[in-house]
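For reference, the chains in residue letters:
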Amino acid sequence: RHTTQSDEHNGGTEMNPLDGKQPITMTVKKSVQFRKGRLIGTGGFGRVYLGFDQSTGALMAAKEISIGPNAGPNAEDTVLALQKEVAIMKKLQHENVVRYFGSERRGSNFYILMEYVPGGTLRNIVDDYGAMEPALAGDFARQMLQGLRYIHSRNIVHRDIKAVNVLVGIDG
């Protein structure tokens, strides 16, 4: 299973991560009590840590984005982009799209909690094992296109499709 984004849940409200005052609507099915673990990835928007839900024992990916006073002059733009990303993620539910679990602010960091896909990225697979047989590459492409067709049917464009953004489940 290859995934690219998120899942819809229903729930509460969070404070605006920029000023902590104005509420923004965030939906979560249940309260996720995550503990931040080891770093599992980095990108232009932040870092991703392995997270552990202390109430259920589930593992998750916790995308950490700095939004505090040291986040730079574009902090407000970052917050708006995060709000849009969360709003999109919580509306999606497809087997080839990463599930959204929730989001929260901790100090000067904002976390987006989502499904942990333990197989790593498609780029890691190719780097570690070399080129794939055509039939297997076709299976990966088919699953990616199914996820993209789903998000496109909801008038969402991914805008950053590349091998480092395609996650691979343990079963391929």
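Refer to the structure above for everything that follows.
Read on for a plain summary of the structure. Each chain carries its own residue numbering, running from 1 in the written order of its sequence. Predicted model: local features are reported for residues with pLDDT of at least 70 only, side-chain atom pairs are reported and counted for 80 or more only, and whole-chain, interface and lining totals are derived from all residues. Hydrogens and water are ignored here; the side-chain numbers use all heavy atoms of the structure.

1. Side note on the environment of Leu136
What counts here: Runs of E in the DSSP output that reach at least two residues are strands. Runs of H or I that reach at least four are helices, and both are numbered from the N terminus.
Relative to the elements of secondary structure, Leu136 occurs in helix H3 (residues 134-153). Taking the C-alpha atoms as reference, Leu136 lies 9.3 Å from Gly172; in sequence the two are 36 residues apart.

2. A closer look at the pairing of strand S8 (residues 109-115)
Rules: A 1.4 Å probe rolled over the protein chains alone gives each residue an accessible area, and that area as a share of the maximum for its type sets the label: buried under 20%, exposed over 50%, partly exposed in between. At least two bridges found by DSSP between two strands is the condition for calling them paired.
In terms of residue burial, S8 counts as a mostly covered element, since seven of its seven residues are buried. Two strands pair when backbone bridges link them, and strand S6 (residues 59-66) and S8 are joined in this way by seven bridges, in the antiparallel orientation. Along S8, the bridge assignment pairs Ala61 with Met114. Two strands pair when backbone bridges link them, and strand S7 (residues 100-106) and S8 are joined in this way by six bridges, in the antiparallel orientation. From the neighbouring strand, Arg106 faces S8, where its bridge partner is Asn109. What sits between the antiparallel neighbours S7 and S8 is a turn of two residues, in which Gly107 has the positive phi angle 60°.

3. Some details on unusual backbone geometry
Backbone geometry places Asn155, a non-glycine residue, at a positive phi of 60°. Residue placement: Asn155 occurs in the loop between H3 and strand S9 (167-168). We note that Arg159 has phi near 70°; this positive angle belongs to a residue other than glycine. Position of Arg159 among the secondary structure elements: in the loop between H3 and S9. Looking at Arg159, the relative accessible area reads 78%, which means it is exposed.

4. Topic: the nonpolar core
To be explicit about the condition: Take the buried Ala, Val, Leu, Ile, Met, Phe, Trp, Tyr and Cys residues and link them wherever side-chain atoms come within 4.5 Å; each set so joined is a nonpolar core.
Counting residues in each nonpolar core, the largest one holds 13 residues, and the members touching the most others are Ile67, Leu82, Phe110, Ile112 and Met114. Elements that contribute at least two residues to this core include exactly S6, helix H1 (75-89) and S8. Element by element, the count of residues in this core is highest for H1, at four residues.

5. Quick word on the sheet that holds S7
So the rule is basically this: Between N-to-C directions, angles span 0 to 180 degrees; the directions come from axes that are lines fitted to C-alpha atoms, helices contributing only their stretch in contact. Note on definitions: a residue-residue contact is assigned when non-hydrogen atoms from the two residues lie within 4.5 Å.
Taken together, the five strands give an open sheet; going across it, the order is S4-S5-S6-S8-S7, and neighbouring strands pair in antiparallel fashion. Here the strands that pair on one side only, and so sit at the sheet edges, are strand S4 (34-42) and S7. Each neighbouring strand pair of the sheet contributes to a mean axis angle of 30°, computed without reference to strand direction. Two elements, strand S5 (residues 47-53) and S6, share six bridges in a ladder whose sense is antiparallel. In the sheet register, Val48 faces S6, and the bridge partner there is Lys63. Sitting on the sheet, H1 touches S6, S7 and S8, and the angle it makes with S8 is about 20°.

Worth remembering: the numbers are spatial, not functional.
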